[in-house]
Amino acid sequence: MRNFTLGAILLAFCFGANAQWSTSGGKLTTTNNVAIGSTNAIAKLNIESTTNGKMLRIVGKNKDLDIYMGNPAHNYGFYWRYKGIQSGNNNLMEFWSDNQASSHKRVYYVKQDGNIYFEEKMAIGTNSFGSHRLAVEGSIGAREVVVEGGGWSDFVFEEDYNLPTLSEVEDFINTYGHLKDIPSAKKVEQEGITLGEMDAKLLQKIEELTLYVIELNKKDAQQERALKALKEENRKLSKLLSNSLEQKKGEQP
């Protein structure tokens, strides 16, 4: 009991003369804020390092609980926030960042169902984002990728679509070295491609090819009908000629 009392006195001295401590059942408790390494007990638990200007602070606000790590003046650092919205499974665990411009950003949060929601950019294997929300240096393995978006290419089948002639297609290829509406190899190397947009462009070309094939099939069928008519006309002429020759033979004395 003497050792416990001495320990309580030392803790009370370290945590500040104004703290009101009580002992019950071997427990040392206080309802006041507690500071370690600082006399500024602005949170329920405030731990600061005077040598490098860092601190750990635990702050309870209504249903929320913040665990802050960073600059003692709260100018920059990071903190987790348990967002006690309400009972049940609707509470959140959030991760926030504070930069020196006093800009607070929620980086991500976790729902109690275990799902994670990111609100800032993410990089894997690289420190360059470019213009992407997710930047990955290396391959991505997946069993299926679903690209959502509009702008599909069925407009090719509309009546007012201006389907270029094959001669125009040939002229464009000879001039530019690639299909119209399809990026060149140099542009792809420099800028990459957008999967959804590229799939739509490739579908456009497939649909155009389909129209060309349909048109060629119509011409082929038309030529086949014309050839069949010529054969029938030739057969009739041959028969008339044969009959005429037989008739002349019969008229000879």
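Calculation notes
- Residues numbered from 1 in each chain as written.
- Predicted model: local features only at pLDDT ≥ 70, side-chain atom pairs only at ≥ 80, totals over all residues.
- Heavy atoms only, no water.
- Salt bridge = Lys/Arg side-chain N within 4 Å of Asp/Glu carboxyl O.
- Helix = DSSP H or I, 4+ residues; strand = E, 2+ residues; numbered from the N terminus.
- Buried < 20%, exposed > 50% of the residue type's maximum accessible area, 1.4 Å probe, protein only.
- Pairing = 2+ DSSP bridges.
- Patch = residues over 30% accessible without salt bridge, like charges linked within 9 Å, V, L, I, M, F, W, Y side chains within 5 Å.
- Areas by Shrake-Rupley, 256 points an atom, 1.4 Å probe, with all protein chains shown as cover.
- Phe/Tyr/Trp six-rings, centres within 6.5 Å; stacked < 30°, edge-to-face > 60°.
- Lys NZ or Arg CZ within 6 Å of the ring centre and 35° of its normal.
- pLDDT = per-residue confidence, 0-100.
- Contact = heavy atoms within 4.5 Å.
- Axes fitted to C-alpha atoms, helices over the stretch in contact; angles between N-to-C directions.

## Observations regarding the pattern of salt bridges
In this structure the tally under the stated criterion is seven salt bridges. Measuring nitrogen to oxygen at the nearest pair gives 2.8 Å for the salt bridge that ties Arg 106 to Glu 94. Taken together, the positions of Arg 106 in strand β9 (residues 104-111) and Glu 94 in strand β8 (residues 92-98) put the pair twelve residues apart, joining distant regions of the chain. If you follow the salt bridges from partner to partner, you end up with Glu 94, Arg 106 and Glu 119 in one network.

## Points about the pairing of strand β6 (residues 64-70)
Across the two faces of β6 the burial differs, with Asp 64, Asp 66, Tyr 68 and Gly 70 buried and Leu 65, Ile 67 and Met 69 not buried at all. Two strands pair when backbone bridges link them, and strand β5 (residues 54-61) and β6 are joined in this way by seven bridges, in the antiparallel orientation. Across the sheet, residue Leu 56 finds its bridge partner in β6, namely Met 69. Connecting the antiparallel pair β5 and β6 is a turn made up of two residues, with Asn 62 showing a positive phi of about 55 degrees.

## A short note on a nonpolar patch on the surface
Judged by side-chain polarity, Leu 65, Ile 67, Met 69, Trp 80, Tyr 82 and Met 93 come together as a nonpolar surface patch covering roughly 470 Å² of accessible area. If you list the elements that add at least two residues to the nonpolar patch, you get β6 and β7 (77-83). When residues of the nonpolar patch are assigned to their parent elements, the largest contribution, three residues, is made by β6. One can find Ile 67 in strand β6. Under the relative-accessibility criterion, Ile 67 is labelled partly exposed at 32%.

## Some remarks on the packing of aromatic side chains
Here the structure, examined in full by the defined rule, presents nine aromatic pairs. Ring geometry for Tyr 79 and Trp 96: centres 5.9 Å apart, planes at 5 degrees, overall stacked. With Tyr 79 in strand β7 and Trp 96 in strand β8, this pair connects stretches of sequence that are 17 residues apart. By relative accessible area, which is 5% here, Tyr 79 ends up buried. Over the face of the ring belonging to Trp 96 we find Arg 81, whose NZ or CZ atom lies 5.5 Å from the ring centre.

## Quick word on the confidence of the model for the chain
One rule of thumb: low pLDDT means the predicted coordinates there are not for detailed reading. Looking at the chain, pLDDT values average 82 and 87% of them are 70 or higher. Across the chain, element-level confidence peaks in helix α2 (residues 166-176) with a mean pLDDT of 95 and bottoms out in helix α1 (residues 2-15) with 44. Low pLDDT, under 50, characterises residues 1-17; the predicted model gives this stretch twelve contacts beyond four residues in sequence or across chains.

## Considerations on the sheet that holds β6
The strands that make up a sheet are held in pairs by hydrogen bonds between backbone atoms, and each pair lies either parallel or antiparallel. One open sheet accounts for eight strands, arranged β3-β4-β5-β6-β7-β8-β9-β10; its pairing is mixed. The open sheet has two free edges, formed respectively by β3 (34-36) and β10 (116-118), since each of these has just one partner strand. Across the sheet, the mean angle from the axis of one strand to that of its neighbour is 15 degrees, orientation sign disregarded. Alignment of β8 against β9, held across seven bridges, turns out to be antiparallel. Bridging across to β9, Phe 95 finds its partner in Tyr 108.

## Some points on the pairing of strand β4 (residues 45-49)
Two faces make up the sheet, and in a regular strand the side chains alternate between them. The two faces of β4 differ: Asn 46 and Glu 48 on one face are buried, but Leu 45, Ile 47 and Ser 49 on the other face are not. Where β3 lies against β4, three bridges are found, and the strand directions are parallel. Its bridge partner being in β4, Ile 36 is matched across the sheet by Ile 47.

## Focus: unusual backbone geometry
A positive phi angle, near 75 degrees, is found at Asp 181, a position not held by glycine. Considering the arrangement of structural elements, one finds Asp 181 in the loop between α2 and α3 (185-191).

## Examining the environment of Thr 29
As for its position among the elements, Thr 29 is in strand β2 (residues 27-30). In contact with Thr 29, not counting residues within four places along its chain, are Gln 20, Trp 21 and Ser 22.

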